[in-house]
Amino acid sequence: MQARPGFRKPPHRRWTRAPSFVTRGGSHAAAGCQAHRRTARRTRRARWRHGRPDGRDEIVDAARSLYEEKGLSRTTIQDITARLGVTRSLFYHYFPNKDAVTSAVLDTYVADFVEAVHYWDRERKVGQIDDALASVVRLLRLGLFEDGSFRHALASDENASLYLEFVNRVADRVATYMEEHTVKDYEALHKIRIEHVHETFYVLVLGLVGYLRRHPDADDEMLADLIAQTLHLDR
């Protein structure tokens, strides 16, 4: 096999597993997320077999795995390149520094959460607003506060700005999705009683995340009520 310059195929390839918040409970939503990620992995494996790896994605996957295993502060660029069996020059071809690859890793977590929201939206039952609220609160807890070295590192004071960036990206992507999909479905059966839809969802997500960080034992029913009141939902 003709390897791409700078790449040496590692003897034992590691592939990033689906985050546990989309695999717990055996739900259809979790199954859909897993299938999507399996397809992505098969595509990457095919690129390796044909000597055409997607260098950037491989580096991001390796960094994410190492952050989850060792933590953010304990992972070096050398660790990432060693995991893949690639040269440091190839890393710097795609990323100027560790902060840049960390930002790309954040994007994968954001994409995972938005994907989970997509499957939550697909599986919810039309008209069953209370059930949808209860399940979205559980999704928020698991998706944004899942245990793991990287999550704990993000939540530390040292990485406060990085965590804020992560939460803002989640809020923006979720608000966009809700505005383009869930709100339109709701509007078919109910009157929309809020203005500035995107901004309302954005602020709602930020507020819920901030409140849960301060009050992790908050009652789920109370959180569901806060969402319903903010969005003026018909229940």
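Residues numbered from 1 in each chain as written. Predicted model: local features only at pLDDT ≥ 70, side-chain atom pairs only at ≥ 80, totals over all residues. Heavy atoms only, no water.

Asks: What am I meant to see in the pattern of salt bridges here?
Replies: A side chain with one charge can pair with a side chain of the opposite charge if their charged atoms come near. Tallying each qualifying case throughout the model produces 13 salt bridges. Ionic pairing is found between D79 and K70, a salt bridge with its closest N-O pair at 2.9 Å. Overall, D79 belongs to the partly exposed group, its relative accessible area being 22%. Between R124 and D121 there is a salt bridge; the shortest N-O distance is 2.6 Å. Among the charged side chains, a salt-bridge network with shared partners connects R64, E68 and D112. (Salt bridge = Lys/Arg side-chain N within 4 Å of Asp/Glu carboxyl O. Buried < 20%, exposed > 50% of the residue type's maximum accessible area, 1.4 Å probe, protein only.)

Asks: Sorry if this is basic, but what is going on with the nonpolar core here?
Replies: As a rule of thumb, soluble globular proteins bury nonpolar side chains together. V101 and F166 are the most contacted members of the largest nonpolar core, which has 62 residues in total. Setting aside its immediate chain neighbours within four residues, F166 contacts L106, Y109, V110, L144 and L154. (Core = buried A, V, L, I, M, F, W, Y, C linked by side-chain atoms within 4.5 Å. Contact = heavy atoms within 4.5 Å.)

Asks: Would you explain the environment of D225 in this entry?
Replies: Summarising the element assignment, D225 is placed in helix α10 (residues 220-231). A C-alpha to C-alpha distance of 8.4 Å links D225 and L133, two positions 92 residues apart in sequence. (Helix = DSSP H or I, 4+ residues; strand = E, 2+ residues; numbered from the N terminus.)

Asks: So what exactly am I meant to see when it comes to unusual backbone geometry here?
Replies: Glycine aside, a negative phi is what most residues show, and trans is what most peptide bonds show. Phi is positive for H196, which is not a glycine, with a value near 55 degrees. As for its position among the elements, H196 is in the loop between α8 (160-187) and α9 (197-214). With phi around 55 degrees, H232 is a residue other than glycine that occupies positive phi space. Within the secondary structure, H232 is located in the segment after α10. Residue classification places H232 among the partly exposed positions, given a relative accessible area of 42%.

Asks: Looking at this structure, how should I read helix α3 (residues 77-84)?
Replies: Since one α-helical turn is 3.6 residues long, residues separated by three or four positions face the same way. Within α3, the full set of buried residues consists of I77, I80, T81, R83 and L84. Projected down its long axis, α3 carries its buried residues within an arc of 155 degrees, all on one side. Buried residues in α3 make contact with α2 (55-70), α4 (88-94) and α5 (98-123). Directly after α3, the chain includes G85, whose backbone phi takes a positive value near 75 degrees. (Arc of directions from axis to C-beta.)

Asks: Explain the packing of aromatic side chains to me, please; I cannot follow it from the model alone.
Replies: Per the stated rule, a full pass over the model turns up three aromatic pairs. Summarising the aromatic geometry, the rings of F91 and Y92 are spaced 5.4 Å apart at their centres and angled 90 degrees between planes, so their arrangement reads as edge-to-face. Judged by its relative accessible area of 38%, Y92 is partly exposed. When the ring of F91 is compared with that of F95, the centres are 5.7 Å apart and the planes differ by 45 degrees; the resulting orientation is tilted. Comparing F91 with F95 shows no difference in burial state: the two are buried. In textbook terms, an aromatic cluster arises when at least three aromatic residues are bridged by ring pairs, as seen for F91, Y92 and F95. In this arrangement the basic side chain of R64 is found over the ring face of Y109, its NZ or CZ atom lying 4.0 Å from the centre. When the ring centre of Y163 is taken as origin, the NZ or CZ atom of R213, which lies over that ring, is 4.2 Å away. (Phe/Tyr/Trp six-rings, centres within 6.5 Å; stacked < 30°, edge-to-face > 60°. Lys NZ or Arg CZ within 6 Å of the ring centre and 35° of its normal.)

Don't take any of this as a statement about function, it's just geometry.
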